[in-house]
Structures are given as structure tokens and as C-alpha cells.
Amino acid sequence: MAEATFISAAHPSQGGPATYFRRSFDVADGLVRASLRVTALGVFKAYLNGSRLGEDVLAPTWTSYRHRLHVTTHDVTAALAAGENVLGAAVGEGWAVGPLSWDMVRENYSDRPALYAELTLEYPDRTEIVGSDETFLVGEGPVRENGIYLGEHYDARLESAWSEPGFDTRDWAPAQRLEWDLDALVEGEVPPIRRQQELAPVSIDRREPSRVIVDFGQVVSGWVRFTVKGEAGREIVLRHAELLTSDGELERETLRKAESIDTYVLRGGRSETWEPAFTFHGFRYVEISGWPGELDPDALRAIVIHTEMARTGSFDTSHALLNRLHENTVWSMRGNFVGLPTDCPQRDERLGWTGDLNAFAPTASYLYDVRPLLRSWLADLRAEQAETGRVPDTVPNILTQVMPDPTALWSDAAISLPWQLYQQYGDERILDESYASMVALMDQIEQRLDDGGLWSRGFQLGDWLDPDAPADNPAGGKTEAHLVAQAYLCKTTRELAATARILGHRADADRYDALSERVRRAFREEYVSPRGRVTNESATAYALAIVFDILDDDQLAHAGNRLAAIIAKSKFTIRTGFAGTPLVTDALTKTGHIDPAYRLLLQTTCPSFLYPVTQGATTIWERWDSVLPDGTVNKTGMTSLNHYALGAVADWMHREIAGLQRVAPGWSRIRIAPQPGGGLAHARAELETVRGTASSAWRLDGATLTVEAVIPEGSTAEIALPFTGESHEVEAGTHRWTYEIDPADAARGTLTIDSTLNEIVVDHEAWQRVLAVLQGAMPGIPIEAGLAHIGDQPLSALIAQIPAEGIAARITTALQNGES
Ligand code: BGC
């Protein structure tokens, strides 16, 4: 009985069968307690006497394995009995061995799956340890091929009692030791991935006698579990996709090289239930071929997986499309918090891109309690930063080509994420843990500044995926990449100065305050006119300068007006990428432009926030037009349908539409400041803060406005009542105000017969209803084409020219329908 080491088969796995390990051992009478510590290079399923242990899936989740490899501990006392017992584990390639990234590079951590297991048997008078070593046996089993991107090939005819006592081990060989630094093992720091939800099919479309396409109604991360009965040797193949083509077949373009195919070979006889264990897919549709006979929808379930996290925040309004946009954001978070925060869960990436998370962190930390996962992720970031001297572009990093310089928004995650988590949860330890890492990044950036304090050298990703950037250069948007970098530097220098002050590093705080002033001055000298016009004249440039407090107060109004004009000029379609999108609505509301902010948010014409929703999206897309209006996939090769970054606008929705604002870290101070508008009848945001429930809600009934706020114990709040200029100071509890407002304010953003066509087009559903009425009154006339040039005219002017009886009343009804 020896201490555990990592053990493996004698040969590399090369994408083939999973590795099965077993060890028979005796338990004497009088066992008091038994526990198992287990992990793997690869992903494992552990068994005792044939029974699967625990609820975790895809363990150990992907961390910076060389620095931090997570060990799971199970109390297994009840699973053991006196006499012979067997410990078994099946280990697939997972992230450690299988191919990763678009280059499909294999063996990023190990050339073969390996197991580490330490079983401790406690008796009244002694402790025995069964540790993984050469006394373990290695064999094969039903998993013939497996990979995170690839899928799983499972042959149920090869099932056996391999992890039970008495099994014939003639074909099994002794395990070999595999060198791995045991100091990298960590416990209790990494939350597990688990099954979270099951979805039933919403439709099953039979394409050929034994080929169907199943729609689960929602893009998710996970897999399909099924129950089937048929003859031995029959092969069932499941191919996954996020989208269908116009002729109802799978559109697998968005997966790129990730095959995402599961194959199951039937054992035969009794009914058999199966789900894969060594892969996961980003999908909504699955094509199933080879199914014997009729496919009963109850035989299938989509299993939704993600990291175990508590849901904390919700949001709801009277606007169906807006609610769906928010729901899509939640689903994209769920789909991408699978062990680590990823860019996307379906294609040959699924990497922890730092910038995506940095953009989305305010929203993520509202929707779920992300502390366990993101503290672990930050520990990985710090470990790799300390090793290589730079913040990796992806955490954990396996990319061989890395960006040569720190990049704004991406590298910034090292500073802005701890800062965001501290703000949300009020826990200074998060800042303390990351302080050295924050400073190290800032030192590097500082070295790249010119004498005037301008960050004007080196590669930047800029306003990544600006919709006006050339298709082959997502970093080449309208806004100069170094302007973006300088603006984010104004933010991170301030965050670092504040962090230093909180942690009591006073000299650092003064130094970073000075740096912050210096880089702000450099921004203004280089990019801002004395009156407040910002170079590039793009929505992103203005959004950055306004939200990051780069402009002086007397420049703000001018800049806000310029921004509003730019937004109006692009007809309220969206023109920002990863860097500008989280800020553009904030910049509008900060400068008093609430109506344009609503119109930007509620626009449905492509590119816009709601365009994907009108196309049936159930998650946030990577590009505004990942799917083009004709239903085909944008041919750029970067068209994930599940990318949370652009969902960052949800944070603004919580704060400004519903009005639930955090003023001090950990929600000790709150501001309730709803901004009714956009034709919405009500909105509500509710958050489980670290102090308890906080919520803000408003409802319009005609011109009667009700505002309700819930403030948790230990917090104080200011309630700014909309349209009154009044504000009230309150303590914990529920507070309600009902009052009359000016009918013109109540009608804000509501469409009427005097609204212009451009205003109405923004509301996709209302526009469709109006078109239907117009079309009915003027059959045969191509109305939409005719309206293209008179968008700025009120609808009433157009209607005046249509002789149809009662048309004004019908149009008014069409405009009002759909609002609750
Ligand atoms: C990812 C992005 C990421 C970007 C940066 C892409 O391939 O999907 O979301 O941030 O690369 O280079």
C-alpha cells in the first residue's frame, strides 16, 4: 500500500479508446470511514464495485493543469463492504490529451490519459491507503473514441463488469507510472460541472426512413441522453448543430472543425439508456440516424450542463423581444460557463478568452454567483502570468501563437475582473489575491507608453467585431485600436489606484492616480477637441470617452449630442464591437439621451440587439449578423451562435431600464433610478446580493406610475423617482410610490399614428402589424419598397393619402397591440 502517483497505459491514446483502470482490494471488518481523492489527466468517471461515484461530469474541469489540477473527494464509506472490493475509473482524453483550438493541437498536457486515485480506509486502530500505482490494471471498454470536440463512440456490446469483484482481467495489463507534479493538485477550489436541466424535443422531423432531425428549441451546452431498444450491433449516430439550413438539414458551419458526433452501438435485447461522458456539444438540433422503428419524443432528452453556480439575478419587462434578448444572454452564460468562462461552446475553440469575459463580467456577476468559478479562473490567470510574464490571451492558455503585447480589454481582465468581483461581492480578499498580478500587467503597459503617456505601439484587438470592420479583419473597425486601448487604460489605471488604496498600499495608490491622470491627459490631447468632439467620430469612440470619465463636464453634453446624432444617422442599428457595445447605451443615458438608447436597444433591423431575436435566436451570437437575413450563415468563419460578449448590454438593462444600481461595493449602498420609456409598460430587476434581496420595479398604468424598491438589511438607498426630480433616502425594507406623471412622459417611446416610419420600423412586431394593415388596404402594391424614401415622415401623413375606410383606427390598434 503506497502513496498515489499518476498512472497510465503503456502507450499514447492517439484519439482512440478511453483508458480503463481497476484495482481490487480487501476491506477488513470494522471499517470506520473511507474516502477517495481522485483526479485525472483527461476526464474521468470513477466507480466502486460497479457503481458510479458522484454527480460531477467532465471532471477535472479545465484549469491550468500544470499549476492547478483539481482533485475531487468522495466519502465512499457506504460503497464498501468487508471482503473484496474494486475501484475503477474510465479516463477519456478530455482537455489534457485531446485536440484543442482551431489548429487541433493534441496532447497539450499529456500524451495519454492518466489517473490519480487515493483511497483512504480508516479502521479504529489504523489507516490504510490504496493509492494508484503499478498494482492497478489497465484495459479497454466500450468507449472506442472520444474527444471534447470530436464526440464519443460507444460500443455497448463491449460492456462488462470491469469495475466489479471477480472480473476476468486476463486481457488487462499493469499500469505504468506517469510523472506529474503532485504539488499542482488542489482541492475544494474549483466548482464542478453538473447536469442542470433536461429539455424535451419540441419537434422531430423525419427526413428519411431512419433519419430524423430533432429540435430541442434552445441552443445549449451538453448532450443527448436516449433510451432505445433494438438488435445488437445496430449503430445510432447523433450529429449536432446550432442551426438548420433553409431545407431543414443541419447547418454545421458554426462548429468549424469540432465534429460533435456521438455514435452508440446497441448491446441488443433489453432497452438501453445512454449518454456520453467524455465530450460535450453546443447545439440545439441533433440529427439521429439508425434509430430502430418510430422515435418516441420521450426517448430523448437534451441534457444541459454547466458549472454549478447559484442564480442570483433576474430581469423582466412588458416587451417580449427584450425579455428574449435577456433570456438569450442567460442561456449564453449557461452555455459558456462549462468549467471555465469560454468564448463559445461549439466550435474548435471553447477557450477562456480573457476579453470576452472582461466585457461580460458585470452581467455574469449579476446573473449568477460567479465567485467560486472566477476566483479559480483568476488563480489560473495569475499562475500562467507568473510563469510566462504576461497575461495569457486565453486562460488556461494552450495557444502557441500568442499576442505579442498586452491588449486592452483582453489583458485588462487581470485588473478589471478582480475589481468587478470586489464591487459586486464586497470581498477585499479578491483584490488582495490579484494585486501582484494587476501591478505586473500595469508595469508592462507602462513600459509601452510614449513620453506623452500615449499607448500607441503594439498590437491591439481594438473594437473587435465592429460590424463595419472588413470581414477578414475583425480588429480593423472604425475606431482606432490605440484609441480603444488608451480609453481602457484610463479605466484600469483608476481601478488599480483604487485597489491600492483599499489594500493600504498608499504609495502605489498615489503613483497610479498620477498615471491615471497622465494617460487621461494623453487621450484628451491626442483624441479630443476642446469642445468635446472625439476623433473617429464613431459610437465606440464616444462611448469610451463618455463612460470612462475622460471628458470634462463641459464637454460631455457636446459629446453626448454627437453620439446621439451618430446613432440616429445609422438609423438606430448597432455599430459597435466588443469594446463599445457594453458602453454605448450607458454613454447615451449618462448624457441624457434615454430615448435614443431605447431605440438603439429595441431596433430589429440588422445589425441590432434584437435582430437575432427576430431571427429566432435563443442565445447571443458572436457577430450581429452571424446568420444573415436570408437565413444563411455569414461566411466569415467566425459565426458562433453562442458567444456571450455582446450580451453585456444586459448590465445596462438592469441598471437603467429597471433602475437597480450598485453604488458601493457589496451593495451596501444602492440607488434606485428607473428610466421608463421605449413604450414599455413595466420592468423589474431583482438580485440576491451578498446582503439579501434587492429589487427595483416600475409599472405604468395610463399616466399612473408605480415604483417599488426592496432594499436588503445592512444597505441604504437613494430612490430617484422618475419624472419628478425627487429623491428619497431609505433604509432596508420594501418601499412603494404611486403617482401621476405627465401623459407625454407616460407615452414616451410609445408608437402612435404620428410616429415616423423610421421610428415604427424599429419595433419589428408593430411594423409587421402595420404593414399587414397597409397591405390589406392596398393589395398588390409593394409597400415596403415604396416606404424606403419617406422614413422621416409621420405615418399619419401617409395614411391621409389612403382612401380606405377606418384605416387610421386599424393602424392605431396595430400599433398598440402586443403591449401588455
Ligand atoms: C474568439 C473571440 C476572442 C477573439 C480574440 C476569437 O476567435 O472567439 O471571442 O476574443 O478570438 O482574438
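Residues numbered from 1 in each chain as written. Predicted model: local features only at pLDDT ≥ 70, side-chain atom pairs only at ≥ 80, totals over all residues. Heavy atoms only, no water.

Visitor: How should the overall build of the protein chain be read in this particular structure?
Guide: Looking only at helices and strands, one finds 20 helices and 34 strands in the protein chain. In terms of C-alpha radius of gyration, the protein chain reaches 29 Å, essentially the compact-globule figure of 28 Å for 820 residues. The dimensions of the protein chain, computed from C-alpha atoms along their principal axes, are 90 × 70 × 50 Å. The proportion of buried residues among the 820 residues of the protein chain is 61%. (Helix = DSSP H or I, 4+ residues; strand = E, 2+ residues; numbered from the N terminus. Rg over C-alpha atoms; globule rule 2.2 N^0.38 Å. Buried < 20%, exposed > 50% of the residue type's maximum accessible area, 1.4 Å probe, protein only.)

Visitor: Would you explain the site of the ligand in this entry?
Guide: Residues in close proximity to the ligand include Asp343, Arg347, Glu349, Trp353, Asp356, Trp410, Leu461, Trp464, Phe578, Glu622 and His643, which together make up its full environment. Within the side chain of Glu349, a nitrogen or oxygen atom sits 2.8 Å from an oxygen atom of the ligand. Relative to its unbound accessible surface of 310 Å², the ligand loses 93% to contact with the protein. Of the residues belonging to the shell around the ligand, the class tally is 5 nonpolar, 1 polar and 5 charged. (Near = heavy atom within 4 Å. Polar contact = N/O pair within 3.5 Å; in protein donor to acceptor, adjacent residues only side chain to side chain. Areas by Shrake-Rupley, 256 points an atom, 1.4 Å probe, with all protein chains shown as cover. Nonpolar A, V, L, I, M, F, W, Y, C, P; charged D, E, K, R; others polar.)

Visitor: Which parts of the structure should I look at to understand the packing of helix H12 (residues 594-602) against helix H14 (residues 649-657)?
Guide: A packed helix pair is summarised by two numbers, namely the angle formed by the two axes and the spacing between the axes. Orientation of H12 relative to H14, taken along the N-to-C sense of each, is 140 degrees, at an axis distance of 13 Å. As judged from the angle between their axes, H12 and H14 are oblique. Crossing of H12 against H14: the hand is left-handed. Residues Ile594, Ala597, Tyr598 and Leu601 of H12 form the contact with H14, whose own contacting residues are Val649, Trp652, Met653 and Ile657. Of the residues that constitute the contact of H12 with H14, the class distribution is 8 nonpolar, no polar and no charged. (Axes fitted to C-alpha atoms, helices over the stretch in contact; angles between N-to-C directions. Parallel < 35°, antiparallel > 145°, perpendicular 65-115°, else oblique. Left-handed = near helix turned anticlockwise from the far one by under 90°. Contact = heavy atoms within 4.5 Å.)

Visitor: Would you explain the pattern of salt bridges in this entry?
Guide: Throughout the structure, instances matching the rule amount to 63 salt bridges. One salt bridge connects Arg748 with Asp595, and the closest N-O pair in it is separated by 3.2 Å. Placement of the pair is Arg748 in the loop between helix H15 (743-746) and helix H16 (757-761) and Asp595 in helix H12, with a sequence separation of 153 residues. Asp595 sits in the partly exposed class, given a relative accessible area of 31%. Within this structure, Asp205, Arg207, Glu208, Arg211, Arg239, Glu249 and Glu287 form a network of salt bridges that share partners. (Salt bridge = Lys/Arg side-chain N within 4 Å of Asp/Glu carboxyl O.)

Visitor: Sorry if this is basic, but what is going on with empty space enclosed by the protein here?
Guide: It is the rolling of a water-molecule-sized probe over the atoms that shows where space remains empty. Evaluated as defined, the whole model comprises 7 cavities of 30 Å³ or more. Around the largest cavity, the lining residues are Leu325, Asn328, Phe609, Pro612, Val613, Thr619, Ile620, Trp621, Arg623, Trp624, Leu646 and Gly647. Listed by contribution, the elements that provide at least two residues to the lining of the largest cavity are helix H2 (320-336) and helix H13 (611-614). A breakdown of the residues in the lining of the largest cavity according to their chemical character gives 8 nonpolar, 3 polar and 1 charged. (1 Å grid on protein atoms, 1.4 Å probe; cavity = no way out; pocket = protein on both sides within 12 Å on 5 of 7 lines; lining within 4 Å. Points joined across faces, edges and corners; volume = space filled by probe spheres on them.)

Visitor: Please clarify how unusual backbone geometry should be interpreted in this entry.
Guide: Negative phi values dominate among residues other than glycine, just as trans dominates among peptide bonds. Omega for the bond connecting Ala59 with Pro60 falls within 30 degrees of zero, at -5 degrees, which places this linkage in the cis form. With respect to the helices and strands, the residue Pro60 is situated in the loop between strand S5 (51-52) and strand S6 (69-75). For the peptide bond that leads from Cys606 to Pro607, omega is -5 degrees, which places it in the cis range. Residue position: Pro607 is located in the loop between H12 and H13. Residue Phe572 is not a glycine yet carries a positive backbone phi of 65 degrees. Residue placement: Phe572 occurs in the loop between helix H10 (553-569) and helix H11 (581-590). Given the relative accessible area of 8%, Phe572 is considered buried. Its identity as a non-glycine residue notwithstanding, Phe723 has a phi of 70 degrees, on the positive side.

Visitor: Would you take a moment to explain the sheet that holds strand S27 (residues 660-662) for this structure?
Guide: Sheets are built from strands that pair by backbone hydrogen bonding, the pairs being arranged parallel or antiparallel. Taken in spatial order, the 4 strands make up an open sheet running S27-S28-S32-S33, and their pairing is mixed. Taken across any chain shown, the strands that pair with only one partner, and hence form the sheet edges, are S27 and strand S33 (727-730). Neighbour-to-neighbour, the strand axes of this sheet turn through a mean angle of 20 degrees, independent of strand direction. Here strand S28 (residues 669-672) runs beside strand S32 (residues 716-720); their pairing, made up of 4 bridges, is parallel. Within S32, the position partnered with Arg671 by the bridge is Glu718. (Pairing = 2+ DSSP bridges.)

Visitor: For this particular structure, what's the right way to read the packing of aromatic side chains?
Guide: Working definition: an aromatic ring pair is given by the centre-to-centre distance plus the angle between the planes. For the structure shown, the criterion picks out 26 aromatic pairs. On the basis of an interplanar angle of 15 degrees and a centroid distance of 6.4 Å, the ring pair of Trp62 and Trp95 is categorised as stacked. Linking Trp62 in the loop between S5 and S6 with Trp95 in helix H1 (residues 94-97), this pair joins segments that are 33 residues apart in sequence. Comparing Trp62 with Trp95, the two get one shared label, buried. Between Trp95 and Phe280, the aromatic rings sit 6.5 Å apart at their centres with planes inclined by 50 degrees, giving tilted as the arrangement. (Phe/Tyr/Trp six-rings, centres within 6.5 Å; stacked < 30°, edge-to-face > 60°.)

Visitor: Before we go on, may I ask you to explain the layout of surface pockets in this structure?
Guide: Taken as a whole, the largest pocket holds about 1400 Å³ of empty space. Residue lining of the largest pocket: 46 residues in total, with Val547, Asp586, Asp651, Arg655 and Arg662 positioned closest to the centre. Of all elements in the fold, only helix H3 (354-367), helix H5 (413-425), helix H7 (481-502), H11, H14 and S27 reach the threshold of two or more residues within the lining of the largest pocket. Residues that form the lining of the largest pocket fall into these classes: 23 nonpolar, 10 polar and 13 charged. Taken domain by domain, the lining of the largest pocket gets at least three of its residues from each of domain 3 (313-657) and domain 4 (661-746). (Domains from an automatic or database assignment.)

Visitor: Quick question: what am I supposed to make of the sheet that holds S5 here?
Guide: Spatially, S5-S4-S7-S2-S10-S13 is the arrangement adopted by the 6 strands of the open sheet, whose pairing is antiparallel. Two strands in the sheet have a free side with no partner beyond their single neighbour: S5 and strand S13 (173-174). Bridge count between strand S2 (residues 19-27) and strand S10 (residues 137-139): 3 bridges; the pairing is antiparallel. In the strand pairing of S10, Phe21 is matched with Val138.

Visitor: It is not clear to me how helix H9 (residues 539-547) should be interpreted in this structure. Could you clarify?
Guide: Along an α-helix, a turn takes 3.6 residues, which lines up residues three or four apart on a common side. Here H9 lies mainly inside the structure; 8 of its 9 residues are buried. If you follow the buried residues of H9, they end up packed against H7, helix H8 (506-527), H10 and H11.

Visitor: Explain the domain arrangement of the protein chain here, please?
Guide: Interface extent is often summarised as the accessible area lost during association of the parts. Domains assigned within the protein chain are domain 1 (6-142 + 157-188), domain 2 (195-307), domain 3 (313-657), domain 4 (661-746) and domain 5 (757-815). If you average the C-alpha positions of domain 2 and of domain 5, the two centres end up 44 Å apart.

Visitor: Would you mind going over the packing of H5 against H7 with me for this structure?
Guide: In the contact formed by H5 and H7, the axes pass within 10 Å of each other and the chain directions differ by 55 degrees. Taken together, H5 and H7 sit at an angle that is classed as oblique. Of the two possible hands of crossing, H5 and H7 adopt the one that is left-handed. For the pair H5 and H7, the contacting residues are Ile415, Ser416, Trp419 and Tyr422 in the first and Lys491, Thr492, Glu495, Leu496, Ala498, Thr499 and Ile502 in the second.

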